[in-house]
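These are the residues of each chain, in order.
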Amino acid sequence: MNVAGQDWKKLAVAFSFALLVLLCSGLLLLTPPVWQLKKGPIEIMRWPKSGAQVFVVGPETPHWTPIHKVSKHVINAIMVSEDARYFEHGGLDWREIQRSVEFNMEQKRYARGASTITQQVVKMAFLNPQKNLFRKFREALGAVLLEAILSKDEILEWYINLVEFGDGVFGIQAAARHFFQTTPELLTIQDGANLALVIPSPNNWSKGLRQKKLTPFGHQRYAKIIEEMYNLGFITPALQRSALATGDFGRPVKSYEPKEGDLDEKIDLYPDLHERAAPPPAAKKAVVPHSKKHHP
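Residues numbered from 1 in each chain as written. Predicted model: local features only at pLDDT ≥ 70, side-chain atom pairs only at ≥ 80, totals over all residues. Heavy atoms only, no water.

### Re the overall build of the protein
Assigned secondary structure in the protein consists of 12 helices and two strands. Along the protein, helices and strands appear, N-terminal first, in the series α-β-β-α-α-α-α-α-α-α-α-α-α-α. Carbon and sulfur atoms make up 59% of the accessible area of the protein, which amounts to about 19,000 Å² in all. (Helix = DSSP H or I, 4+ residues; strand = E, 2+ residues; numbered from the N terminus. Areas by Shrake-Rupley, 256 points an atom, 1.4 Å probe, with all protein chains shown as cover.)

Structure follows, in structure tokens:
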């Protein structure tokens, strides 16, 4: 190979390397700073009805709730509602993305999203709520990186502390107190499903929570969440029926059909918390032998 050919080869390699560096730098600049979630707290912008506000959120802040202090029923209901394959994907759910693209093309509008819980954390922490392809691209970049630097439980912990449940109620601690006058660890299956069903559109779908009465749409969505919790093994058949029988804030959900014996059936909601001890055996009465009488 002549000298000119070698020079062109070196120039092509240098140009390719420079292009790669430029591309990586551009992607890095577009990626939301998700590494800040490794430690926290962070400043975030929220958009309640009253207008945009800045909040400080993160571990060790007053309203932060560690994931181990949240009822597992709430976590399961949220995953079923928002991202059933959460523990299977790496930040992006390509199956759901394909389904959404196909559905939106049929509807000829943006009618169905495919954001994972990880993507939603990126959006809530660093991006605005506007729906456009550029924001979705940045959201996807951030989700892939976030999955690489945080565990699934850590991402879930950020999610439950960032998500809105309606009426400007942000985070699971505020939601438990505002809607159920309790703490996150004491929320029931019914509470969890009622909270999870409003997440996709909290301001529009939280009417049932505010009025303590499910809307017709709320009945359908609640029953779907409970059905999926059962299908995925999160609850037993008895707990499923119990959740449907009392899901409308103590009243039956419309899809619930009582069966014979339901009223008499006793459901042990927490079978692992205690053992049913057999009653102690009855004490035996001592038998006193009759003394023989001696007659003179």
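### With respect to the nonpolar core
Ranked by size, the top nonpolar core spans 60 residues in total, and within it Trp158, Tyr159, Phe165, Leu195, Tyr222 and Ile226 carry the most contacts. Those residues in contact with Leu195, other than ones at most four positions away along the chain, are Phe165, Ile172, Ala175, Phe179, Phe180, Leu187 and Leu209. (Core = buried A, V, L, I, M, F, W, Y, C linked by side-chain atoms within 4.5 Å. Buried < 20%, exposed > 50% of the residue type's maximum accessible area, 1.4 Å probe, protein only. Contact = heavy atoms within 4.5 Å.)

### So, the pattern of salt bridges
A full pass over the atoms with the stated rule returns nine salt bridges. We note a salt bridge from Glu139 to Lys136, for which the minimum N-O separation is 3.0 Å. In this pair, Glu139 and Lys136 are both assigned in helix H5 (residues 133-149), three residues apart and thus about one turn of the helix distant. Lys152 is the salt-bridge partner of Glu147, the closest N and O atoms lying 3.0 Å from each other. A cluster of three or more residues bridged by salt bridges with shared partners is formed by Arg85, Glu88 and Asp93. (Salt bridge = Lys/Arg side-chain N within 4 Å of Asp/Glu carboxyl O.)

### Some points on the packing of helix H4 (residues 117-126) against H5
It is at 8 Å that the axes of H4 and H5 come closest, and there the two elements cross at 115°. Looking at the two axes, H4 sits roughly perpendicular to H5. Relative to H5, the crossing made by H4 is right-handed. Two secondary-structure elements touch here, H4 through Thr118, Gln119, Val121, Val122 and Lys123 and H5 through Arg135, Lys136, Glu139, Gly142, Ala143, Leu146 and Glu147. Of the residues in the contact of H4 with H5, the class split is four nonpolar, three polar and five charged. (Axes fitted to C-alpha atoms, helices over the stretch in contact; angles between N-to-C directions. Parallel < 35°, antiparallel > 145°, perpendicular 65-115°, else oblique. Left-handed = near helix turned anticlockwise from the far one by under 90°. Nonpolar A, V, L, I, M, F, W, Y, C, P; charged D, E, K, R; others polar.)

### So, the packing of aromatic side chains
For the coordinates displayed, the defined rule picks out five aromatic pairs. Centroid distance Trp64 to Trp158: 4.8 Å. Interplanar angle 70°. Geometry classified as edge-to-face. You can see Trp64 sitting in the loop between strand S2 (53-57) and helix H2 (72-82) and its partner Trp158 sitting in helix H6 (residues 152-162), a full 94 residues away along the chain. Centre to centre, the rings of Trp205 and Phe217 are 4.7 Å apart; their planes meet at 50°, and the pair counts as tilted. In this pair, Trp205 is assigned in helix H9 (residues 202-205) and Phe217 in helix H11 (residues 216-231), connecting sequence segments 12 residues apart. On the basis of relative accessibility, which here comes to 29%, the residue Trp205 falls in the partly exposed class. Taking NZ or CZ as reference, Lys152 lies 4.3 Å from the ring centre of Tyr86, over its face. (Phe/Tyr/Trp six-rings, centres within 6.5 Å; stacked < 30°, edge-to-face > 60°. Lys NZ or Arg CZ within 6 Å of the ring centre and 35° of its normal.)

### Let's talk about the environment of His219
Within the secondary structure layout, His219 lies in helix H11. The contact partners of His219, leaving out residues within four places of it in the chain, are Leu214, Asp248, Pro252, Val253 and Lys254.

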